[in-house]
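Descriptive analysis of the structure
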Amino acid sequence: MTSTPPATPADAELLARVTTGDRAAFEAFYQRHATWLVLRLRYRCADTELVDDVVQETFLAVWRGTARYRTEHGGDVSGWLWRIGTRRLIDSLRGHGARQRLAGLLARRQQTDEPSAEEQVLIGVEHGDFAGALARLSPELRAVVQATVLDGLSTAEAAVLLGIPSGTVKTRAMRARRQLRQELA
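Think of each chain on its own: its residues are numbered from 1, step by step along the sequence as written. Selection of residues for local features in this predicted model requires a pLDDT of at least 70, selection of side-chain atom pairs for listing and counting requires 80 or more, and totals for whole chains, interfaces and linings are taken over all residues. Working from all heavy atoms in the structure, the side-chain values ignore hydrogens and water.

**Section: the confidence of the model for the chain**
Put simply, the rule is: pLDDT expresses, on a scale from 0 to 100, how confident the predictor is about each individual residue. Runs of E in the DSSP output that reach at least two residues are strands. Runs of H or I that reach at least four are helices, and both are numbered from the N terminus.
In the predicted model, the chain carries a mean pLDDT of 78, and the fraction of residues at 70 or more is 72%. Ranking the elements of the chain by mean pLDDT puts helix α6 (residues 117-124) last, at 57, and helix α2 (residues 23-42) first, at 91.

Right, here's the structure in full:
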């Protein structure tokens with residue numbers, strides 16, 4: 001007789017348990033979301049120390065209950081967590097010390113500055129309405145473009161973030177590129 005492994009609890013269930021002080025639920029939630037949050041925030045900010053601090057503050061807010069996910073509003077837990085992280089990053093960047101550290105990092109990178117993923121996409125677009133063409137993609141294709149092109153994640157990283165196999169990421173990226181090429185030609 002084979003036993004089936006226990007089902008992985010949903011994010012909303014983990015968060016409900018976190019509000020009761022369940023450390024194991026918090027650790028499971030952290031393990032599930034910390035890596036992708038760090039990766040995405042690092043594409044928004046070159047200061048890795050600041051990003052690490054922001055991620056820590058984000059999860060501390062979840063643990064302490066100052067950031068509460070409301071199941072009645074529905075929505076994606078990862079989107080909720082992303083909003084908390086980006087708001088905390090913006091608040092941190094507004095601080096004087098963070099601005100100085102970021103300015104120093106950017107000054108050092110100016111000699112080897114390469115175009116960002118966003119700039120590379122926009123450089124390649126000569127005609128048409130890119131924003132409109134992007135908006136017309138299906139949500140699945142748009143999510144892959146966001147993760148791989150705009151956020152600059154690798155196929156494997158995007159697969160983890162989106163919760164789909166790497167092959168599916170590649171296929172959707174190919175379909176999205178083909179559709180965008182047709183609309184922008």
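**Looking at helix α9 (residues 155-162)**
Let me state the cut-off plainly: Burial status follows relative accessibility: with a 1.4 Å probe on protein chains alone, a residue under 20% of its type maximum counts as buried, one over 50% as exposed, and anything between as partly exposed. Summarising the geometry, the arc corresponds to the directions from the helix axis toward the C-beta atoms. By definition, residues are in contact when any of their heavy atoms lie within 4.5 Å.
Inspection of α9 places Ala-158, Ala-159 and Leu-161 among the buried residues, and these make up the whole buried set. Each buried residue of α9 lies within a common arc of 165° when the element is viewed along its axis, so the set occupies one face. For α9, the secondary structure elements touched by its buried residues are α2, α8 (139-150) and α10 (166-184).

**Quick word on the environment of Ala-34**
Looking at the element boundaries, Ala-34 is found in helix α2. Counting along the chain gives 24 residues from Ala-34 to Thr-58, while the straight-line C-alpha distance between them is 9.6 Å.

**Some thoughts on helix α1 (residues 11-19)**
Taken residue by residue, α1 has Asp-11, Leu-14, Leu-15 and Val-18 as its buried positions. Buried residues of α1, viewed axially, fall in a sector of 95°; they line one side. In this structure, the buried side of α1 is in contact with α2, α3 (48-64) and α4 (77-94). A positive backbone phi angle near 90° is found at Gly-21, which sits one or two residues after α1.

**Some remarks on the pattern of salt bridges**
Keep this limit in mind: In what follows, salt bridge is the name for a side-chain nitrogen of Lys or Arg lying within 4 Å of a carboxyl oxygen of Asp or Glu.
Per the stated rule, a full pass over the model turns up five salt bridges. A salt bridge links Glu-13 to Arg-17, with the shortest nitrogen-to-oxygen separation between them at 3.8 Å. Here Glu-13 pairs with Arg-17, and both are found in helix α1, just four residues apart, close to one helical turn. Residue Glu-13 is classed as partly exposed on the basis of its relative accessible area of 40%. According to the relative accessible area criterion, Arg-17 is partly exposed, its value standing at 29%.

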